Amino acid sequence: MTRPLVAGNWKMNGSRADAQALIAAIRADMQGLDAVDVAVCPSFVLLPVAAQALASSTIALGAQNVCDEDEGAYTGEVSGAMLRECGCRYVIVGHSERRSLYGESDELVARRFMAAKRHGLVPILCVGETLEQRDRGETETVVERQLAAVASAAGSDAFEAAVIAYEPVWAIGTGKTATPEQAQQVHAFIRDYVSRRGGEGVRILYGGSMKPANAADLLAMKDIDGGLIGGASLDADSFLAICRAAAQGA
Ligand code: 13P
């Protein structure tokens, strides 16, 4: 049985005080979660204060992006080494908000994925289709294209020690969730794809309006190994309830 991972993607939310308070509230109620890996991914500038607040806890720290280059004249970017120095274990790459709002291509996402691995970070690679693509029956084609860009850039063991997050774009921040069956179908497709490329043991997270009310049903599915949580991760009780649902399914 794969050990579940529940990661909070805080996106561009919160002050230093908010980050401290949220982490303190999560830390205060971690009992019963020994079987689950828990991570929080604040914005870059909150990483140091979050790392401090997480000191000596089992909760891991993650970032929301990483530069594809290692150092130099890349204004506005943050390197893998910098993230490591801040105490990050994970980094999200290819989030749909990066792809659609900031024009990150499959190829750039693949390079960011490789930079994460080069620096010893665990990439959480996000993939997923828009509603139009789903309606046209293109879900698997789109997800395969996003995975293939990484596979062709990163070689035969591309997915070894990585995490994949299936995040249907139409379910992100909309309150609409994929049904457990819809999600499972895509997760099984991803499992098959990555297993043939070094990713037998990878964890495949579901993301998109996951909440305490729907988490248990999603996490009960065979190929759903955890969640990448947006809105609900900003509330300690909701985030912890999802972590507990993952612990029960483990
Ligand atoms: P929501 O949980 O707010 O839908 O966001 C999901 C997400 O984008 C996580 O990366």
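Each value, and the rule that gives it
Every residue gets a number counted from 1 within its own chain, in the order that chain's sequence is written. pLDDT decides what is reported in this predicted model: residues at 70 or higher carry local features, side-chain atom pairs at 80 or more are listed and counted, and totals for whole chains, interfaces and linings draw on all residues regardless. Side-chain calculation: all heavy atoms of the structure are included, whereas hydrogens and water are not. Take the buried Ala, Val, Leu, Ile, Met, Phe, Trp, Tyr and Cys residues and link them wherever side-chain atoms come within 4.5 Å; each set so joined is a nonpolar core. Three exposure classes are used, based on accessible area relative to the maximum for each residue type with a 1.4 Å probe and protein chains only: buried under 20%, partly exposed in between, and exposed over 50%. What counts as a helix is a DSSP run of H or I of at least four residues, what counts as a strand is a run of E of at least two, and both are numbered from the N terminus. Working rule for contacts: check all heavy atoms of both residues, and any pair within 4.5 Å makes them a contact. By the convention used here, strands pair only if DSSP detects at least 2 bridges between them. Crossover handedness is defined by viewing with both strands directed away from the observer: a clockwise path from the first strand over the helix to the second marks the crossover as right-handed. Here, the arc refers to the directions that run from the helix axis to the C-beta atoms. Here a residue is near a molecule or strand as soon as one of its heavy atoms is found within 4 Å of it. By the criterion applied in these results, polar contacts are pairs of N or O atoms within 3.5 Å in which, for protein atoms, one can donate a hydrogen and the other can accept it, and in which residues neighboring in sequence qualify only through two side-chain atoms. For the area figures, the Shrake-Rupley method with a 1.4 Å probe applies, and any residue is considered shielded solely by the protein chains shown. Each residue is assigned to one of three groups, with Ala, Val, Leu, Ile, Met, Phe, Trp, Tyr, Cys and Pro labelled nonpolar, Asp, Glu, Lys and Arg labelled charged, and all others, Gly among them, labelled polar. Only protein atoms enter the 1 Å grid, on which a cavity is a set of points fitting a 1.4 Å probe that cannot get out and a pocket is an open set with protein on both sides within 12 Å along at least 5 of 7 lines, lining residues being those with an atom within 4 Å of a point. Grid points are joined across faces, edges and corners, and a volume is the space filled by probe spheres set on the points.

Novice: Looking at this model, I keep getting lost on the nonpolar core. Mind explaining?
Specialist: Most often, soluble globular proteins have nonpolar side chains that are buried together. Ranked by internal contacts, the top residues of the largest apolar core, which has 68 residues, are Leu125, Leu147, Phe159, Ile164 and Ile190. Per-element tally for this core: the top contributor is helix α10 (residues 236-249), with eight residues. Setting aside its immediate chain neighbours within four residues, Leu147 contacts Leu125, Val127, Phe159, Ile164, Ile190, Tyr193 and Val194. Core analysis: the second largest hydrophobic core is formed by 14 residues, Ala7, Cys41, Ala60 and Ala165 among them.

Novice: What is the right way to look at the pairing of strand β6 (residues 163-166) in this model?
Specialist: Going residue by residue along β6, you find Val163 and Ala165 tucked away on one face and Ile164 and Tyr166 tucked away on the opposite face as well. Bridging between strand β5 (residues 122-127) and β6 involves four bridges; their strand directions are parallel. Looking across to β6, one finds that Val127 is bridged to Tyr166. Bridge count between β6 and strand β7 (residues 203-206): four bridges; the pairing is parallel. Looking at β7, one finds that Tyr166 is bridged to Tyr206. Running through helix α8 (residues 180-195), the crossover from β6 to the neighbouring parallel element β7 is right-handed.

Novice: In this structure, what is going on with helix α2 (residues 47-54)? I would like to understand it.
Specialist: At 3.6 residues per turn, the α-helix brings residues three or four places apart onto the same side. Taken as a whole, α2 has its buried residues at Leu47, Val49, Ala50 and Leu54. Projected onto a plane normal to the axis of α2, the buried residues spread over an arc of 165° and lie on a single side. Its buried side turned inward, α2 meets α1 (16-27), β2 (37-41), β3 (60-63) and α3 (80-85). Directly beyond the C-terminal end of α2, a positive phi value near 60° is found at Ser56.

Novice: Sorry if this is basic, but what is going on with the site of the ligand here?
Specialist: Neighbouring the ligand are the residues Asn9, Lys11, His95, Glu167, Ala171, Ile172, Gly173, Gly208, Ser209, Leu228, Gly230 and Gly231. The side chain of Lys11 places a nitrogen or oxygen atom 2.8 Å from an oxygen atom of the ligand. Within the backbone of Gly230, an N or O atom sits 2.9 Å from an oxygen atom of the ligand. Expressed as a share of its isolated accessible area of 310 Å², the protein-covered part of the ligand is 95%. Partitioned by chemical class, the residues of the shell around the ligand number three nonpolar, seven polar and two charged.

Novice: Please explain helix α9 (residues 212-219) as it appears in this structure.
Specialist: Where α9 is concerned, the buried positions are Asn214, Ala215, Leu218 and Leu219. Seen from one end, α9 has its buried residues packed into an arc of 125°, which puts them on one side. Of the exposed residues in α9, the ones pointing more than 90 degrees away from its buried face are Ala213 and Asp217. On its buried side, α9 packs onto α8, β7, β8 (226-229) and α10.

Novice: Is there a simple way to explain the layout of surface pockets in this structure?
Specialist: Gaps between atoms show up when a probe of the same size as a water molecule is rolled over them. The volume enclosed by the largest pocket comes to roughly 480 Å³. Lining the largest pocket we find 19 residues, and of these Met12, Phe44, Gln64, Arg98 and Tyr102 sit closest to its centre. If you tally residues by element for the lining of the largest pocket, the top one is helix α4 (residues 96-101), at three residues. Class assignment of the residues belonging to the lining of the largest pocket gives a composition of seven nonpolar, six polar and six charged. Ser96, Arg99, Gly128, Gln146 and Val169 are, among the 18 residues lining the second largest pocket, the residues nearest its centre. For the lining of the second largest pocket, the elements supplying multiple residues, two or more each, are α4, β5 and α7 (139-154). A breakdown of the residues in the lining of the second largest pocket according to their chemical character gives four nonpolar, nine polar and five charged.

Structural measurements only, silent on function.
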